Amino acid sequence: MTNEQLAHDLSVARLYGSDLPVKELCEKYDQYYEEILDYLKSKPTSGNEVEVFSRPW
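Below is a short write-up of the structure. (Residues numbered from 1 in each chain as written. Predicted model: local features only at pLDDT ≥ 70, side-chain atom pairs only at ≥ 80, totals over all residues. Heavy atoms only, no water.)

## Quick look at the nonpolar core
The line we're drawing: Residues enter a nonpolar core if they are buried and are Ala, Val, Leu, Ile, Met, Phe, Trp, Tyr or Cys, with the set joined through side-chain atoms within 4.5 Å. Buried residues are those whose accessible area, probed at 1.4 Å on protein chains only, stays under 20% of the maximum for their type, while exposed residues exceed 50% and partly exposed ones sit between those limits. Put simply, DSSP marks the helices as runs of H or I at least four residues long and the strands as runs of E at least two long, and each gets a number from the N terminus on. Throughout, a residue-residue contact means that at least one pair of heavy atoms, one from each residue, lies within 4.5 Å.
Ala-7, Leu-15, Tyr-32, Tyr-33, Ile-36, Leu-37 and Leu-40 form the largest nonpolar core, which has seven residues in total. Among the secondary structure elements, those contributing two or more residues to this core are helix 1 (3–15) and helix 2 (22–42). For this core, the element with the most residues is helix 2, which contributes five residues. With residues near it in sequence (within four places) discarded, Ala-7 still touches Tyr-33, Ile-36, Leu-37 and Leu-40.

Written as structure tokens, this is what we have:
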């Protein structure tokens with residue numbers, strides 16, 4: 001999942017249940033999206049490798 005998709009999903013989750021007018025809702029979404037995306041981009045990527053294995057059953 002990309003940072004952009006994560007930022008979108010978290011912005012929508014943060015606004016869930018809000019009863020703001022549409023214009024304010026869109027403004028808040030844009031604000032939250034940018035804040036979350038900036039935060040995610042500021043975090044270093046681990047670059048760790050993962051091991052894939054088959055199901056044990």
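Next comes the rest of the description.
## Concerning helix 1
As a reminder, the rule being used: Helix span is expected to be 1.5 Å times the residue number reduced by one. The directions from the helix axis to the C-beta atoms form the arc being described.
Taking 1.5 Å per residue as the helical rise, helix 1 with its 13 residues ought to reach 18 Å, and the 18 Å between its terminal C-alpha atoms agrees with that figure. Looking only at helix 1, the buried set comprises Ala-7, Ser-11 and Leu-15. Looking straight down helix 1, one finds that the buried residues subtend no more than 60° of arc, so they occupy a single side. With its phi angle positive at about 85°, Gly-17 sits one or two positions after the end of helix 1.

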